[in-house]
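If you want the building blocks of each chain, they are given just below.
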Amino acid sequence: MPQIIPIKDLKNTSEVSELAHSVDEPIYVTKNGYGDMVLMSMETFQGVSDALKMYQSLLSSEKQIAEGKTHDARESLGKLRSKYGL
């Protein structure tokens, strides 16, 4: 269940920090009853950032496959073995 707090609760910085570290998801901050900001711990942010990078890499790979920018794995490994005498 998402954590939602009013902006006035940000005055209690220690409590907000503890909350951010106790949940493994973003905390939504509201202002006048409407969404205003999102807070999260550095660990949660790093996880979200890493996942986003992975998804971007997958999209790039899928685009390259669709455009035919691929090579046969066996041929590529064979060339590397020949080049480096493996």
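Residues numbered from 1 in each chain as written. Predicted model: local features only at pLDDT ≥ 70, side-chain atom pairs only at ≥ 80, totals over all residues. Heavy atoms only, no water.

Participant: Would you mind going over the confidence of the model for the chain in detail, with residue names and values included?
Facilitator: Summing up the model confidence of the chain, the mean pLDDT is 95 and the portion of residues at 70 or higher is 100%. Here helix α3 (residues 73-84) is the element of the chain with the lowest mean pLDDT, 93, and strand β2 (residues 27-31) is the one with the highest, 98. (pLDDT = per-residue confidence, 0-100. Helix = DSSP H or I, 4+ residues; strand = E, 2+ residues; numbered from the N terminus.)

Participant: Would you mind going over the sheet that holds β2 in detail, with residue names and values included?
Facilitator: Pairing between the strands of a sheet is mediated by backbone hydrogen bonds and can be parallel or antiparallel. Pairing in this open sheet of three strands is mixed, and the strands run β1-β2-β3 from one edge to the other. Here the strands that pair on one side only, and so sit at the sheet edges, are β1 (3-6) and β3 (34-39). Adjacent strand axes in the sheet meet at a mean angle of 35°, parallel and antiparallel pairs treated alike. Pairing geometry for β1 and β2, over four bridges, is parallel. Considered in β2, the bridge of Pro 6 is made with Thr 30. (Pairing = 2+ DSSP bridges. Axes fitted to C-alpha atoms, helices over the stretch in contact; angles between N-to-C directions.)

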